[in-house]
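Chain by chain, the residues run as shown.
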Amino acid sequence: MRSLLPTAVTSLLQVCFAADAADWRSRSIYQVLTDRFSWTDGSTTAPCDVANNMYCGGTWKGLENKLEYIKNMGFTAVWISPITEQVANAYHGYYQTDLYLVNSRFGTAEDLKSLASTLHSKGMYLMVDIVPNHMAFPGCPDKVDYGHLGTFNHPDHFHSYCPMHNMENQTEVEDCWLGDCSMTLPDIKTENTQVAGEMNTWVKTLVSDYSIDGLRIDSVKNVNKDFFPPFCQSAGVFCMGEVSEGEANYTYPYQSYMDSVLDYPLYYAVTRVFQQQSNMSDLVVGLAACTENGEMGCKDPTLLGTFFENHDNPRFAHTTQDLSLVKNALAFTLLGDGIPIVYQGQEQHYAGGDDPGCREALWLSGFNTTSPLYKHIALLNNLRNHIAAHRSTYLGYQTRVLAYTATELQLRKDTIRIILSNQGEKAPTWTLKTQGMEFESGKTVVDVLSCAKYGVDGNGDADVQMEAGEPVVLVDESALGGSSLCGY
Ligand SMILES: *[C@@H]1O[C@H](CO)[C@@H](O)[C@H](O)[C@H]1NC(C)=O
Ligand SMILES: *[C@@H]1O[C@H](CO)[C@@H](O)[C@H](O)[C@H]1NC(C)=O
Ligand SMILES: *[C@@H]1O[C@H](CO)[C@@H](O)[C@H](O)[C@H]1NC(C)=O
Ligand SMILES: *[C@@H]1O[C@H](CO)[C@@H](O)[C@H](O)[C@H]1NC(C)=O
């Protein structure tokens, strides 16, 4: 692990070695929408009306200046918006016009290199969002000006136009075009050998020019699967794909073509269980879908990207302001099997609805580091970072379900036991008798979230205080030494 090496050696290694899946397993990712995170001057008052769908002024420099805000929450990687040149007003970065030019609204190529270098000096990774599926043109499909699409400047580089009608037809999903006459997204012919070769060259150059440690790949289901193994190999770094489908047997098999996918199936289960307070069994079924489905399941749950908010979906708090429910969802996400991802604004309990509502400017929160969820996330990340650094078995351990009712779920991930509740903050205080925890009898375990201590009984279990529907995270106190959690 390069973070354990002296700085001089570290910077040499960064030139030679890129971060792979094993390096990423221990990471915790903070998702930044570059235009909406921080101005270069650090303004906390610059207006940003999400409904306008226009640039609000965030930059790579602004982000670089505010990395301590992210690092102090315990994150060890930052995912940023696509960096390529865009059509006018494409503040989100998904409407690119030239792969080899950077989006000047976010800064210069030097600014981006400087961001990467400052992240690395803090022991953090840079993940960049990329869009191999399409280019963009602000007009109808028959009017596309191919001469201005950089490398892919000829109709032969694209599938011939067809509108996407039937999302159940995978051929259509891969070969037809997204968008409409207000924004056409010409669909790159990624199964063509020459086009794929150009793409592979581009991604290799991109990763090396900007010292990128990992990629988040957009619209993966719209690209032929076979495109990805050589592409990710050319990139030489960790690849996490966006397959925005809740069906486990559709989404998880993509993990055979790249290191990781965003865990959309689990996203829907987490949302149902904690936001809509559905039966906890829903989450138990969701967990099993990954590991018990053979070829239709996932390859490695410890590499999936686990999340419950992003820039494409309504935020959790859009439906409920209940703090206990969101704290449970965060405990599940940050202490589960995958690589956790938290989207900017979750720590400030932002409540925006469907895109573009969920794309609020973070600076308007004043970068508040004392908000309850900022502190909750910091605590959970610190625990995960501490245990991962001290127990070699932790990250590879697959979460086991110990017991559950409709409203409580008891889980074990190696040395950590988690009790989740979806009763919400109005729930009364009560005592839960744990089941199957297998702690050492006679020892003392600590709820890291409340710092309450419990003695372990002869069966290896404990009587635990459940308060106001808050989650409980139990660890033997001997595992906390040097963590500074609860005074240890
Ligand atoms: C799927 O779409 C392709 C392309 O439009 C078409 O040729 C094919 O017949 C469709 N398949 C089915 C089963 O509808
Ligand atoms: C995927 O799972 C759904 C139910 O969740 C089922 O209806 C469908 O047949 C499955 N598809 C495959 C290819 O196994
Ligand atoms: C930060 O958040 C806390 C808790 O919500 C609040 O009490 C405090 O006033 C906020 N600080 C600023 C500077 O807004
Ligand atoms: C919750 O789900 C479990 C397992 O499917 C079921 O046995 C139980 O009756 C459900 N409880 C409620 C309150 O719906």
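Residues numbered from 1 in each chain as written. Chains lettered and ligands numbered in written order. Predicted model: local features only at pLDDT ≥ 70, side-chain atom pairs only at ≥ 80, totals over all residues. Heavy atoms only, no water.

1. Thoughts on the domain arrangement of the protein chain
Then comes step 1: The domain architecture assigned to the protein chain consists of domain 1 (8–390) and domain 2 (400–487).
Then comes step 2: Centre-to-centre, using C-alpha coordinates, domain 1 lies 33 Å away from domain 2.
Then comes step 3: Tallying the contact residues gives 28 residues for domain 1 and 33 residues for domain 2.
Then comes step 4: Surface buried jointly by domain 1 and domain 2 totals about 2300 Å² across both partners, of which 68% is contributed by carbon and sulfur atoms.
Then comes step 5: At the boundary of domain 1 with domain 2, the tally comes to two salt bridges.
Then comes step 6: At the junction of domain 1 and domain 2, the tally comes to 13 residue pairs in polar contact (both at pLDDT 80 or more). (Domains from an automatic or database assignment. Contact = heavy atoms within 4.5 Å. Buried area = accessible area lost by both parts, 1.4 Å probe. Salt bridge = Lys/Arg side-chain N within 4 Å of Asp/Glu carboxyl O. Polar contact = N/O pair within 3.5 Å; in protein donor to acceptor, adjacent residues only side chain to side chain.)

2. Describing the state of the cysteines
Then comes step 1: In this structure the tally under the stated criterion is six disulfides.
Then comes step 2: The disulfide bridge from Cys451 ends at Cys486, spanning 2.1 Å between sulfur atoms. Between Cys451 and Cys486 the sulfur-sulfur dihedral comes to about -85°; the bridge is accordingly left-handed. Residue Cys451 is located in the loop between strand E17 (444–447) and strand E18 (453–455), and its partner Cys486 is located in the segment after strand E20 (472–476); the two are separated by 35 residues in the primary sequence.
Then comes step 3: Judged by its relative accessible area of 36%, Cys451 is partly exposed. (Disulfide = S-S within 2.5 Å. Helix = DSSP H or I, 4+ residues; strand = E, 2+ residues; numbered from the N terminus. Buried < 20%, exposed > 50% of the residue type's maximum accessible area, 1.4 Å probe, protein only.)

3. Let's talk about the UniProt feature "active site" (unreviewed entry) in the protein chain
Then comes step 1: The UniProt record marks Asp218 and Glu242 with the feature "active site" (unreviewed entry), using the residue numbering of this structure. A maximum C-alpha distance of 5.3 Å places the annotated residues, which cover 25 residues in sequence, within one compact spot. Cross-referencing the annotated residues with the second largest pocket identifies Asp218 and Glu242 as lining it.
Then comes step 2: For Asp218, the location among the structural elements is in the loop between strand E8 (214–217) and helix H8 (228–235).
Then comes step 3: We classify Asp218 as buried; its relative accessible area is 7%.
Then comes step 4: If near-sequence neighbours (up to four positions away) are discounted, Asp218 is found in contact with Tyr94, Asp129, Ile130, Val131, Pro132, His134 and Glu242. (UniProt positions renumbered as here; feature names shortened; annotations may be inferred. 1 Å grid on protein atoms, 1.4 Å probe; cavity = no way out; pocket = protein on both sides within 12 Å on 5 of 7 lines; lining within 4 Å.)

4. Focus on the environment of Pro314
Then comes step 1: Within the fold, Pro314 resides in the loop between strand E11 (305–306) and helix H12 (323–334).
Then comes step 2: Taking the C-alpha atoms as reference points, Pro314 and Ser450, 136 residues apart in sequence, are found 30 Å from one another.
Then comes step 3: Among residues more than four places away in sequence, those in contact with Pro314 are Gly352, Gly353 and Asp354.

5. As for the nonpolar core
Then comes step 1: Ranked by internal contacts, the top residues of the largest apolar core, which has 131 residues, are Ile70, Ile80, Leu215, Ile217, Phe231, Phe274 and Leu383.
Then comes step 2: Ranked by residues supplied to this core, first place goes to helix H13 (residues 372–390) with eight residues.
Then comes step 3: Built from parts of two domains, this core gets at least three residues from each of domain 1 (8–390) and domain 2 (400–487).
Then comes step 4: Residues contacting Ile70, with those up to four places away along its chain left out, are Tyr30, Val32, Phe37, Leu63, Phe75, Val78 and Met124.
Then comes step 5: Formed by twelve residues, the second largest nonpolar core is a distinct cluster that contains Met437, Val445, Tyr454 and Met466. (Core = buried A, V, L, I, M, F, W, Y, C linked by side-chain atoms within 4.5 Å.)

6. A few points about the site of ligand 3
Then comes step 1: In the region of ligand 3, the neighbouring residues are Asn368, Thr370 and Pro372.
Then comes step 2: A distance of 2.3 Å separates an oxygen atom of ligand 3 from a polar side-chain atom of Asn368.
Then comes step 3: The fraction of the free accessible surface of ligand 3 (360 Å²) that becomes covered by protein chains is 29%. (Near = heavy atom within 4 Å. Areas by Shrake-Rupley, 256 points an atom, 1.4 Å probe, with all protein chains shown as cover.)

7. Section: the sheet that holds E17
Then comes step 1: The antiparallel open sheet is built from six strands, whose spatial order is E13-E14-E15-E20-E17-E18. Of all the strands in the sheet, just strand E13 (400–404) and E18 have a single pairing partner and so form its edges. On average, adjacent strands in this sheet sit at an angle of 25° to one another, irrespective of strand direction.
Then comes step 2: Note that strand E15 (residues 416–421) and E20 share three bridges and pair antiparallel. By the bridge assignment, Arg417 is partnered in E20 with Leu474.
Then comes step 3: Contacting E13 and strand E14 (408–413), helix H11 (residues 281–291) crosses the sheet at an angle of about 165° to E13.
Then comes step 4: Here H13 sits on the sheet in contact with E15 and E20, set at roughly 30° to E20. (Pairing = 2+ DSSP bridges. Axes fitted to C-alpha atoms, helices over the stretch in contact; angles between N-to-C directions.)

8. Here's the deal with the pairing of E8
Then comes step 1: Residues Gly214 and Arg216 of E8 are buried on one face, and the alternating residues Leu215 and Ile217, pointing to the opposite face, are buried as well.
Then comes step 2: Relative to E8, strand E5 (residues 125–130) runs parallel, the two being bridged by four bridges. Each bridged residue has a counterpart across the sheet, and for Asp129 the counterpart in E8 is Arg216.
Then comes step 3: In this sheet, strand E9 (residues 238–241) lies alongside E8 in parallel orientation, the contact comprising four bridges. Bridged to Leu215 within E9 is Cys239.
Then comes step 4: For the crossover from E8 across H8 to E9, the handedness is right-handed. (Right-handed = clockwise from strand over helix to strand, strands pointing away.)

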